[in-house]
Amino acid sequence: MAVTGVFMSAVADTHAQDHHHGPAKGISRWLLTTNHKDIGTMYLIFSFAMFLLGGSMAMVIRAELFQPGLQIVQPEFFNQMTTMHGLIMVFGAVMPAFVGLANWMLPLMIGAPDMALPRMNNWSFWLLPCAFLILVSTLFMEGGGPNFGWTFYAPLSTTYGPPSTTFFIFAVHIMGISSIMGAINVIATILNLRAPGMTLMKMPLFVWTWLITAFLLIAVMPVLAGVVTMMLMDINFGTSFFDASGGGDPVLFQHVFWFFGHPEVYIMILPAFGAVSHIIPAFSRKPLFGYASMVYAVGAIALLSFVVWAHHMFTVGIPIVGQLFFMYATMLIAVPTGVKVFNWVATMFRGSLTFEAPMLFAVAFVILFTIGGFSGLMLAIAPADFQYHDTYFVVAHFHYVLVPGAIFGIFASAYFWLPKWTGHMYDETLAKTHFWLSFVGMNLAFFPMHFLGLAGMPRRIPDYALQFADFNMVSSVGAFMFGATQLLFLFIVVKCIRGGKEAAAKPWDGAEGLEWTVPSPAPYHTFSTPPEVK
Amino acid sequence: MRVHAQRAGALLGGLMFPAWSMADWTLNMTPGVTGTSNEIFSLHMTILWICVVIGVVVFGVMFWSIFAHRKSQGAKPANFHENTLVEILWTIIPFVILVVMAIPATATLVDMYDTSESEVDIKITGYQWKWQYEYINEDFGYFSNLATPRDQIENRQAKGENYLLEVDNHLVIPVGKKIRFLVTANDVIHSWWVPDFGVKKDAIPGFINETWTRVDKPGIYRGQCTELCGKDHGFMPVVVEAVPEEEYNTWVAEKKEAAERERQLTQKDWTMAELMERGEKAYQTACAACHQADGSGAPPAFPALKGSPIATQDMAAHIDIVVNGKSGTAMQAFGNQLSEVDLAAVITYERNAWGNNTGEMVTPKEIFDYKNQQ
């Protein structure tokens, strides 16, 4: 009843404002906005800025690893770079980019006038720049920034951490609050503001995957907050959660961290699954194969993600029964993930395919994510993991699922919806150039890492034995190429915002969904009157 | 399966990448020299080929669609969007493959966890940034430090063949015997890995992990620490030397004798010059990684010793911090890591080197008494 009330008044409000639709002027538009499109835009800009910052740290790492010996940075700083690169990419680039896409697209896809909790939406965005200001500022503090890896295992991060660790903990707390609020907003919006007639099983897949992602966020972000709070206690208040000499256990840290960390990796991939499930049918001009099984597969992946965490810890000495349980559960995830890949391929099969930039990124997503899935399956085999664990094989694996998975998924989404956002078509030639350079650079950077890991190169080392030299050089060249190419993306987007061919309301002839029923660019307020879904 | 996989791999590799078969372009895991490492290699190749076959099928269908069903080729889209039979099949088939894969994996894992009936027990302790090996039944032990000179790391000298994979004291084991490793750490988590053995185990402060190996082929095997453990994580290699049993027995006897000699040195009367000479060496291996060779440290984590109150004022405080460490910081308790002679030498050295000219010295006997009082 209350829900209907909110909904009705939202409709009534926007009707009353019919004559002053536009945004406020100046900086206050951005500081005070409660508009889902403005907030979505800010999330996307912020995440791209973080992507460049985290990426430039990766460039430092790859420059140091270009050849054996210490050339550019010292090990202390190298460790800060690997740590900050991971933290910024995970929490600053990938997660906010998906929240940005959710803000822009969820209301448009379900026919809602805005997010359900617009003021909280504003706050959850503006917390992020504060959190990252604190996090990045630690680099300039005495003793340097976090240098214990993005997984911050205790006691390296507690007893042996730099003085700035407490600031890092505070930043993680703020990011967590922001994520939880964002997730609550997504769930409230999807469950309450769908257009009449849009039942759960009629929701677009991006909406489904985000709904499930939001539940994952609410389940695990408090766990992350818990583990960093225990660190805070150990560092500043003399407790011994993770210190064996005081009755604690360093392995407890890893259990709690990965209970958060494993669902977290699905948080970073599920929304991309959803977006790709729109893009592939659009450019295949054929409905998505197996909609229902896609929904069930995402649900199954999300549930399984809670019972596989210790596969990150096969070498810590958990008892054999535990080892076997986590091995079997992890292998099981391959089944629903396989179903998704098969469905995408079946969607393309006997379609009528064209390859604009969104489709190129989506197809590369399917191929390369599958390769990352294969190495994931290999890592799941516990005995073999004793050889792979903490080597470059793992680095190759998670970059194969995150770069072509999350990042290519975001690029595909951006090109797919840019015409809707800006009202202009982007420059297709430049976008295809961006794709091919990214594709080649990414594979050149990360594929040789499989070989390095199998040959025995541990991860997180600033210098390496001579037999690893050749592939490291290849990898660095690829990384520089991939990194530099992303500036082209910035140029393409700016160019598209400033002008270009006028975009039709539905610029892609095979696209489906409510977002294509509103004009391009989408007006500041949309769906003040809910559409009818048949 | 293993032989098949190896042959197929070699063939594929030979056909596709003739230039890459050189050592520096190693593409695959090596089978290693132990039963465990061979079983792991076989699992690795099996799962790899399963992935390759699935990949060929899935990507094959996809590339066929990309090739044949393009709009520019005049393809008209079909309109099917579900098929229950197909969907059930591609859920069940992968599941069956996984079950088949899980069986040998479980067998190998059970074998890897069986540390019973060992013939030699060695305790391995990870330190920032070196390994300690203790032969617990023979009553001796020693540290194993990186032997690569700083000049090679900083590119002032050509890099040697075993750059970063060489140590001053190898871990020596006899061939053909089941060796049990008891793995722990003194400060942060480390991980002890020798790829050729298929042995990797985390070294966790306060806990002891067990693992084992049996090496049949004499030789030198190299590995590294694989858990980020701070600044010099990349600089603490593992080198194991497997030798025939007789040679091993001789080596153990020598080591025991040397340990006994070392203990007697405590009772000897040491001069300042002798202590300074020994202290410089001990300082380089035990202290210089953090406090630097010239005592300048790397503040704030690693304070300078040159001109510091600890090294120039109260001697008792100096002995206390070296022997017992300082909790809550990276300063370890060296009382159990170094002999009384080395402790005395290091403290004497620190009080008289780099312009810390206190002229004071402490003898091994005094350190011995100090430790006994505690």
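Each value, and the rule that gives it
- Residues numbered from 1 in each chain as written.
- Chains lettered and ligands numbered in written order.
- Predicted model: local features only at pLDDT ≥ 70, side-chain atom pairs only at ≥ 80, totals over all residues.
- UniProt positions renumbered as here; feature names shortened; annotations may be inferred.
- Helix = DSSP H or I, 4+ residues; strand = E, 2+ residues; numbered from the N terminus.
- Pairing = 2+ DSSP bridges.
- Axes fitted to C-alpha atoms, helices over the stretch in contact; angles between N-to-C directions.
- Contact = placed C-beta atoms within 7 Å.
- Expected span 1.5 Å × (residues − 1).
- Buried ≥ 20, exposed ≤ 12 C-beta atoms within 10 Å, placed from the backbone.
- pLDDT = per-residue confidence, 0-100.
- Domains from an automatic or database assignment.
- Nonpolar A, V, L, I, M, F, W, Y, C, P; charged D, E, K, R; others polar.
- Core = buried A, V, L, I, M, F, W, Y, C linked by C-beta atoms within 7 Å.
- Parallel < 35°, antiparallel > 145°, perpendicular 65-115°, else oblique.
- Left-handed = near helix turned anticlockwise from the far one by under 90°.

Looking at an unreviewed UniProt entry, one finds chain B named Cytochrome c oxidase subunit 2, with Marinobacter flavimaris as its source organism. Reading the Catalytic activity (unreviewed entry) entry of the UniProt record for chain B gives the comment "4 Fe(II)-[cytochrome c] + O2 + 8 H(+)(in) = 4 Fe(III)-[cytochrome c] + 2 H2O + 4 H(+)(out)". As its UniProt record puts it under Sequence similarities (unreviewed entry), chain B is described as follows: "Belongs to the cytochrome c oxidase subunit 2 family."

With an unreviewed UniProt entry as reference, chain A is termed Cytochrome c oxidase subunit 1, source organism Marinobacter adhaerens. As stated in UniProt under Catalytic activity (unreviewed entry), the record for chain A gives "4 Fe(II)-[cytochrome c] + O2 + 8 H(+)(in) = 4 Fe(III)-[cytochrome c] + 2 H2O + 4 H(+)(out)". What UniProt records for chain A under Sequence similarities (unreviewed entry) is the sentence "Belongs to the heme-copper respiratory oxidase family."

**Student:** Got a sec to walk through the UniProt feature "domain: Cytochrome oxidase subunit II copper A binding" (unreviewed entry) in chain B? Specific residues and values, please.
**Tutor:** Cross-referencing UniProt, the feature "domain: Cytochrome oxidase subunit II copper A binding" (unreviewed entry) maps to residues 117-254 of chain B in the present numbering. End C-alpha atoms of residues 117-254 of chain B are separated by 26 Å, and the span's content is 10% helix alongside 43% strand.

**Student:** Any details on the sheet that holds strand S4 (residues 171-174) of chain B? Residues and values, ideally.
**Tutor:** Residues and elements named next belong to chain B. Reading across the sheet, the five strands line up as S4-S10-S9-S6-S7 and stay open at both edges, with mixed pairing between neighbours. Of all strands in the sheet, those bounded by a partner on one side alone are S4 and strand S7 (199-203). Within the sheet, the average angular offset between the axes of one strand and its neighbour, ignoring direction, is 25°. Against the sheet, helix H5 (residues 245-265) contacts S4 and strand S10 (237-243), and its axis sits at roughly 135° relative to S4.

**Student:** Give me helix H12 (residues 357-380) of chain A: which residues, what numbers.
**Tutor:** The end-to-end C-alpha distance of H12 of chain A, which contains 24 residues, comes to 34 Å, matching closely the 34 Å that a straight helix rising 1.5 Å per residue would cover. Buried residues dominate H12 of chain A, accounting for 23 of its 24 residues.

**Student:** So what's going on with the confidence of the model for chain B? Residues and values would help.
**Tutor:** Residue and element names in this part refer to chain B. Mean pLDDT over chain B stands at 89; residues scoring 70 or higher make up 93%. Per-residue pLDDT stays below 50 along residues 11-23; that stretch engages in six contacts with residues further than four places along the chain or on separate chains. Prediction confidence for the complex, expressed as pTM and ipTM, is 0.89 and 0.90 respectively.

**Student:** Account for the domain arrangement of chain A, naming residues and giving values.
**Tutor:** All names here are of chain A. One can read the domain layout of chain A as domain 1 (33-251) and domain 2 (269-522). One C-alpha centre belongs to domain 1, the other to domain 2, and the line joining them spans 19 Å. Every contact between the two is made by 39 residues of domain 1 and, on the other side, 39 residues of domain 2. Every element with two or more residues in the side of domain 1 that touches domain 2 is listed here: helix H3 (36-64), helix H4 (75-110) and helix H7 (205-236). Residues that form the side of domain 1 that touches domain 2 fall into these classes: 28 nonpolar, eight polar and three charged.

**Student:** Pulling in residues and values, what's your account of the pairing of S10 of chain B?
**Tutor:** Residues and elements named next belong to chain B. By the criterion of burial, S10 is predominantly enclosed, with five of the seven residues buried. Looking at chain direction, S4 and S10 are connected through four bridges and run parallel. Residue pairing in the sheet places Val-172 in a bridge with Glu-241 of S10. Two strands pair when backbone bridges link them, and strand S9 (residues 219-225) and S10 are joined in this way by six bridges, in the antiparallel orientation. Along S10, the bridge assignment pairs Gly-219 with Ala-242.

**Student:** For the pairing of strand S3 (residues 140-144) of chain B, give the residues involved together with the corresponding values.
**Tutor:** Residues and elements named next belong to chain B. Where strand S2 (residues 130-135) meets S3, five bridges bridge the pair, whose relative direction is antiparallel. Bridging across to S3, Tyr-133 finds its partner in Tyr-142. Linking S2 back to S3 in an antiparallel pair, the connection comprises four residues, with Asp-139 at a positive phi of about 65°.

**Student:** Report on the nonpolar core, specifying residues and quantitative values.
**Tutor:** Membership of the largest hydrophobic core comes to 270 residues, with the highest contact counts inside it found for Phe-361, Phe-365 and Ala-412 of chain A together with Val-346 of chain B. Per element, the largest residue contribution to this core is 22 residues, and it comes from H4 of chain A. Look past the residues within four positions of Phe-361 of chain A in its chain and what remains in contact with it is Phe-408, Phe-411, Ala-412, Tyr-415 and Phe-435 of chain A.

**Student:** Give a detailed account of the sheet that holds strand S1 (residues 120-127) of chain B, specifying residues and quantitative values.
**Tutor:** Residue and element names in this part refer to chain B. Pairing within the open sheet is mixed, and its five strands lie in the order S3-S2-S1-S5-S8. Only two strands of the sheet have a single neighbouring strand rather than two, namely S3 and strand S8 (209-213). Looking at each pair of strands side by side, their axes are set apart by 25° on average, direction ignored. Pairing geometry for S1 and strand S5 (residues 179-185), over seven bridges, is parallel. Note that in S5 the partner of Val-120 across the bridge is Ile-179.

**Student:** Describe the interface of chain A and chain B, with residues and values.
**Tutor:** Between chain A and chain B, the contact holds 81 residues from the first and 80 residues from the second. Taken together, the elements giving at least two residues each to the side of chain A that touches chain B come down to H4, helix H8 (250-267), helix H11 (320-348), H12, helix H13 (382-388) and helix H15 (428-455) of chain A. Class assignment of the residues belonging to the side of chain A that touches chain B gives a composition of 49 nonpolar, 23 polar and nine charged.

**Student:** Describe in detail H4 of chain A, supporting the description with residues and values.
**Tutor:** All names here are of chain A. With 36 residues, H4 extends 50 Å between its outermost C-alpha atoms, agreeing within 8% with the 52 Å of an ideal straight helix rising 1.5 Å per residue. Of all the 36 residues making up H4, 34 are buried; the element is thus mostly covered by neighbouring parts of the structure. Just downstream of H4 lies Gly-111, where phi reads positive at about 75°.

**Student:** Can you tell me about the packing of H7 of chain A against H8 of chain A, naming the residues and giving the values?
**Tutor:** Residues and elements named next belong to chain A. Between H7 and H8, the shortest axis-to-axis distance is 9 Å and the interhelical angle comes to 155°. Of the possible angle classes, the one that applies to H7 and H8 is roughly antiparallel. Once H7 is placed against H8, the crossing between them reads as left-handed. For the pair formed by H7 and H8, the contact residues are Thr-213, Leu-216, Leu-217, Ala-219, Val-220, Val-223, Leu-224, Gly-226 and Val-227 on the first element and Phe-253, Val-256, Phe-257, Phe-259, Phe-260, Pro-263, Glu-264, Tyr-266 and Ile-267 on the second.

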